[in-house]
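# Structural overview for review
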Amino acid sequence: MEFIEKKIRIEDIKLLNELNYNTILMQFIENRFSAAIAFRGDTIIVKGNPIELKIIEKLFKELDYIFHKTGKLYINDIETILDLIEPIDNGRKNDKNNIDIIYYSSKEIIRAKTPKQKEYYDKVLSNDLVFSIGPAGTGKTFLAVAMALAALKRNEVSKIIISRPAVEAGESLGFLPGDFKEKLDPYLRPITDALIFMLSAEKMKSLMEKNLIEITPLAYMRGRTLSNAFIILDEAQNATITQMKMFLTRLGFESKAIVTGDITQVDLKNKSDSGLIHVQSILKNIKGIEFVYFTEKDVIRHRLVSEIIKAYDKDSKKQKKSSNND
């Protein structure tokens, strides 16, 4: 989809101040759209697709009218205006097949494509903590990011926090060039790739600068209480039992968490130390916590990926059997 830039000038200095300093109001507006919204002097710069830009321009015109009439702006005003003008938004509200739709990204509609993905989506909607376990290519992380963005857009949470344990597959961060952030950038690339795909680079940068999206190593989560947030722990098979306990006890009020991982790809020295393997036996019967298990049948990448996973699983079982016989 084409992306353009639109400049909306605010002539009333009082309205400009209200929009500039009322962070809750502007956060609510920005969460509703895929477009990036930023202030530059007396001008609002909006970057996104033409359909959303038209809606945003109309929104600010209506807010200008309301502010001149009442001298105040409230979130209810925004909701009322959007209810009137958003039906033109690509027919989304009238989509008869929206039962499986997870998120309207900047490029395409993200929806559950398989029965297992639909189960995943349904469990996240109805539970505060969901463990998503299975091989690469099943959509565990991608859909988790989409569900987090959808919750942020609906203003169900105030921010998204995405974390990964800093354990590498055969390589060390210490040997990579650059400072700590530069070392982490390649490691966190799957997360940022998903965000850029769904939001655009400009929108992602804008949300991260406003601290509405935070990407951080798991070690940095210690000592925090994460309230009113959507939290994702990715590659959780590489979190130790202690780290997993630390992460799970960060969950605060009005928060939701997804933990994803592949228990066949543990990069810890001792596989038995994996917090994702351990947690399955101790949390499986707690109300509000659910587990979703994907298999190679749920892989939606190239068909060879599924065949490769089968081959490795077969070889692993063969080696295990041989080891037991010895």
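Remember, it's a predicted structure, so these values are computed and weren't measured experimentally.

Analysis parameters
Residues numbered from 1 in each chain as written. Predicted model: local features only at pLDDT ≥ 70, side-chain atom pairs only at ≥ 80, totals over all residues. Heavy atoms only, no water. Core = buried A, V, L, I, M, F, W, Y, C linked by side-chain atoms within 4.5 Å. Buried < 20%, exposed > 50% of the residue type's maximum accessible area, 1.4 Å probe, protein only. Helix = DSSP H or I, 4+ residues; strand = E, 2+ residues; numbered from the N terminus. Contact = heavy atoms within 4.5 Å. Pairing = 2+ DSSP bridges. Lys, Arg positive; Asp, Glu negative; His and termini not counted. Salt bridge = Lys/Arg side-chain N within 4 Å of Asp/Glu carboxyl O. Phe/Tyr/Trp six-rings, centres within 6.5 Å; stacked < 30°, edge-to-face > 60°.

## Re the nonpolar core
Judged by nonpolar contacts, the single largest core of 37 residues is most densely connected at Tyr103, Tyr120, Met147, Leu149, Leu195 and Phe230. The set of elements that each furnish at least two residues to this core consists of strand S4 (101-104), helix H5 (115-126), helix H6 (140-153), strand S7 (159-164), helix H8 (189-199), helix H9 (201-209), strand S8 (213-217) and strand S9 (229-233). In terms of residues, this core owes the most to one element, H6, which gives ten residues. Beyond its immediate sequence surroundings of up to four residues, Tyr103 is in contact with Ser34, Glu108, Ile109, Ile110, Ala146, Leu149, Ala150, Lys153, Met198 and Leu199. With 27 residues, the next largest nonpolar core counts Leu25, Met26, Phe33 and Ile78 among its residues.

## As for unusual backbone geometry
Backbone geometry at Asn155 places phi at a positive 60°, although glycine is not the residue there. Within the element layout of this structure, Asn155 appears in the loop between H6 and S7. Positive phi, normally seen in glycine, also occurs at Asn228, with a value near 50°. Residue placement: Asn228 occurs in the loop between S8 and S9.

## Side note on helix H2 (residues 23-31)
The periodicity of an α-helix, 3.6 residues per turn, causes residues three or four places apart in sequence to face the same way. Leu25, Met26, Phe28, Ile29, Glu30 and Asn31 are the residues of H2 that are buried. Among the structural elements, helix H1 (13-21), strand S2 (36-40), helix H3 (50-70), helix H4 (75-85), H6 and H9 are those in contact with the buried residues of H2.

## As for the pairing of S2
With five bridges joining them, S2 and strand S3 (residues 43-48) adopt antiparallel strand pairing. What sits directly across from Ala36, in S3, is Lys47. Taking the residues between adjacent antiparallel strands as the criterion, S2 and S3 are bridged by two residues, where Gly41 takes a positive phi near 65°.

## Some details on the side chain of Lys256
Secondary-structure assignment places Lys256 in strand S10 (residues 256-261). Although Lys256 is buried, it makes no salt bridge; Asp128 carries the closest opposite charge, 4.1 Å away. For Lys256, the contacting residues outside a window of four places in its chain are Val124, Leu125, Asn127, Asp128, Ala229, Phe230, Ile231 and Leu251.

## Here's the deal with the packing of aromatic side chains
Throughout the structure, instances matching the rule amount to four aromatic pairs. Between Phe142 and Phe197, the aromatic rings sit 5.8 Å apart at their centres with planes inclined by 55°, giving tilted as the arrangement. Of this pair, Phe142 sits in helix H6 while Phe197 sits in helix H8, placing them 55 residues apart in sequence. Overall, the relative accessible area of 30% leaves Phe142 in the partly exposed class. We classify Phe197 as partly exposed; its relative accessible area is 24%. Ring geometry for Phe291 and Tyr293: centres 6.2 Å apart, planes at 10°, overall stacked.

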